[in-house]
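Fold and contact review
As a plain string of letters, each chain reads:
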Amino acid sequence: MSAILTLNAGSSSLKFSVYQMEGDTPLVTGKVDSIGPNGVLSLKTANGAITPADGSLVNHSDALATVLKSLKLTLEDREIAVVGHRVVHGGLNYDKPALINETLIEELTALEPFAPLHQPHNLAGIRAAQAAFPQAAQVACFDTAFHRHHPYVNDTFALPRSYYDKGVRRYGFHGLSYDYISRKLAEVAPTLAAGRVAIAHLGNGASMCAVHNGKSVASTMGFSALDGLPMGTRCGQLDAGVVLYLMQQEGMSADEIETMLYTRSGLLGLSGISNDMRTLERSDAPEAAQAIDYFIFRAQREVGAMAAAMGGIDALVFSGGIGENSATIRARICERMAWMGIEIDHSRNDDNAQVISSEMARTTVMVIPTNEELVIARAARAFA
Ligand code: ADP
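If you're wondering where the values come from, they're calculated on a predicted model, not measured in any experiment. (Residues numbered from 1 in each chain as written. Predicted model: local features only at pLDDT ≥ 70, side-chain atom pairs only at ≥ 80, totals over all residues. Heavy atoms only, no water.)

Describing the nonpolar core
Within the largest apolar cluster, 57 residues are counted, with the highest numbers of intra-cluster contacts made by F142, L202, L316 and F318. With 10 residues, helix α11 (residues 286-310) is the single largest residue contributor to this core. With sequence-adjacent residues up to four places away left out, L202 is seen in contact with L229, F295, F318, S319, G320, G321, I322, G323 and I333. Among the nonpolar cores identified, the runner-up in size contains 29 residues, and V82, F146, M366 and A380 belong to it. (Core = buried A, V, L, I, M, F, W, Y, C linked by side-chain atoms within 4.5 Å. Buried < 20%, exposed > 50% of the residue type's maximum accessible area, 1.4 Å probe, protein only. Helix = DSSP H or I, 4+ residues; strand = E, 2+ residues; numbered from the N terminus. Contact = heavy atoms within 4.5 Å.)

Side note on the pattern of salt bridges
As enumerated under the stated definition, the model contains 16 salt bridges in all. For D33, the salt bridge identified is with K31, shortest N-O distance 3.5 Å. Taken together, the shared-partner salt bridges connect D24, R378 and R381 into one network. (Salt bridge = Lys/Arg side-chain N within 4 Å of Asp/Glu carboxyl O.)

Here's the deal with the pairing of strand β2 (residues 14-20)
Among the seven residues that make up β2, five are buried, leaving the element largely enclosed by the rest of the structure. Counted between consecutive antiparallel strands, the loop separating strand β1 (residues 2-9) from β2 contains four residues. (Pairing = 2+ DSSP bridges.)

With respect to the packing of helix α7 (residues 240-248) against helix α8 (residues 254-263)
Direction vectors running N to C along α7 and α8 enclose 135°, while the axes themselves pass 10 Å from each other. Put simply, α7 runs oblique to α8. Between α7 and α8 lies a crossing of right-handed hand. Along its contact with α7, which presents V243, L246 and M247, the element α8 presents I257, M260 and L261. For the contact of α7 with α8, the class distribution of residues is six nonpolar, no polar and no charged. (Axes fitted to C-alpha atoms, helices over the stretch in contact; angles between N-to-C directions. Parallel < 35°, antiparallel > 145°, perpendicular 65-115°, else oblique. Left-handed = near helix turned anticlockwise from the far one by under 90°. Nonpolar A, V, L, I, M, F, W, Y, C, P; charged D, E, K, R; others polar.)

Things to note about the sheet that holds strand β8 (residues 137-142)
One open sheet accounts for eight strands, arranged β5-β4-β3-β2-β1-β6-β8-β7; its pairing is mixed. Looking at the sheet topology across the chains shown, the edges are occupied by β5 (48-50) and β7 (98-99). Sheet strands touched by helix α3 (residues 119-132): β1, β6 (79-87) and β8. Its angle to β6, the strand with the most contacts, is close to 170°.

Side note on the UniProt feature "active site" (unreviewed entry) in the protein
Under the feature "active site" (unreviewed entry), the UniProt entry names D143. In this structure D143 comes out as buried when scored by relative accessible area, which is 3%. For D143, the contacting residues outside a window of four places in its chain are R86, V87, V88, G172, F173, H174, G175 and L176. A polar side-chain atom of D143 sits 2.7 Å from a polar atom in the side chain of R86. (UniProt positions renumbered as here; feature names shortened; annotations may be inferred. Polar contact = N/O pair within 3.5 Å; in protein donor to acceptor, adjacent residues only side chain to side chain.)

Re α8
Burial in α8 covers these residues: I257, L261 and Y262. Down the axis of α8, the sector holding all buried residues measures 115°, keeping them to one side. Elements in contact with the buried residues of α8: α7. (Arc of directions from axis to C-beta.)

Let's talk about the sheet that holds strand β9 (residues 196-202)
The mixed open sheet is built from five strands, whose spatial order is β11-β10-β9-β12-β13. Two strands close off the open sheet at either side, each with one partner strand: β11 (215-219) and β13 (364-367). For this sheet, the mean angle separating the axes of adjacent strands, direction not counted, is 25°. Strand direction decides the pairing type here: strand β12 (residues 315-319) and β13, joined by four bridges, are parallel. Looking at the pairing, A315 lines up with T364 of β13. Each of β9, β10 (206-212), β11 and β12 is contacted by α11, which is oriented at about 20° to β10, the strand it contacts most.

Digging into the packing of aromatic side chains
Under the defined criterion, the tally for this structure stands at five aromatic pairs. Where F114 meets F223, the ring centres are 5.4 Å apart and the plane angle is 55°; that geometry is what we call tilted. Separated by 109 residues along the polypeptide, F114 in the loop between α2 (102-110) and α3 and F223 in the loop between β11 and α7 bring together distant segments of the chain. In this structure F114 comes out as buried when scored by relative accessible area, which is 19%. A ring pair is formed by Y171 and F223, whose centres lie 6.5 Å apart and whose planes are at 45°; its orientation type is tilted. (Phe/Tyr/Trp six-rings, centres within 6.5 Å; stacked < 30°, edge-to-face > 60°.)

As structure tokens, this is what we get:
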């Protein structure tokens, strides 16, 4: 019997799941956190947690080997026929998943400078999987692919034209999540899916996407995964002049600025307490409240921007860890948006119902849990 393995290799984590060749319910899901000397592996099936096998978790290859050893019992006689990889950057050429071969690996390696914190780890995951499953098809699923056909005005920066030609563009990310949510919306509310939908993926990484008739027309994320909304530790939209100031006046190096913008900013930077929305919601500190206020305000601004990109809005969909779970944040984002026809039914919102707008509201507001792994598994299945 054959099976599909999905891999999502980040800088210090490796998320994975195993699917059968048919059906949308994974046999196993799991994660290695903190790859390195203090790595931790957790695994679960539909019936609960499994005790992982002993093994090294010091790098991506070791982590994958330990994951496979741990999966052995659950996999029984199933062979991995295809491995689907989340790849953050597909550059200009890929608007859909692609079979991995040496040429594609070279292309993806050349894109490393565009996503230096993510792409090298995605490639490490691909190499580890090729070594572990030489017979299996390997498939790349790109976070940029869903956004590949933005109109020029949402694809460019107002820089000298040569930079656009060199690929300095607004790529947009979180595409696997938007792909999943758009398809789900087409199943549960086909009329809305054919209209103008703003999707808010609010997790530790956060962005919004304007989806018109199932196609992405704008994203809050741009050249890198830093732009747009403030995130757990990333700054979101930032005046380029601030980066110049940090270099020229504060004497910071490019590496120091990178570390600050990616890992010490956002909710963590503003609050000085945590990157975790739950912790901030529980805190009495005024800095925690201010961090949340900023998050809410920027989210409201971006819903407006997404609506402007589509000439209006028929639906707003919340997703991601914060969007799926925090009724308070959803209600606060929607609070000052009656002018856009957005009005929440508080009791539905508190119940995390699928539709949380009031009966009379002009714009439908929904909560749709995302499932990036399933998008990867379905794409990989097509190549098996
Ligand atoms: P990632 O981008 O790493 O996939 P997630 O989508 O898992 O992140 O989202 C993580 C965020 O979701 C964290 O800020 C976490 O605090 C927040 N979150 C999860 N559950 C809740 C909840 N019940 N209330 C508020 N925030 C929540």
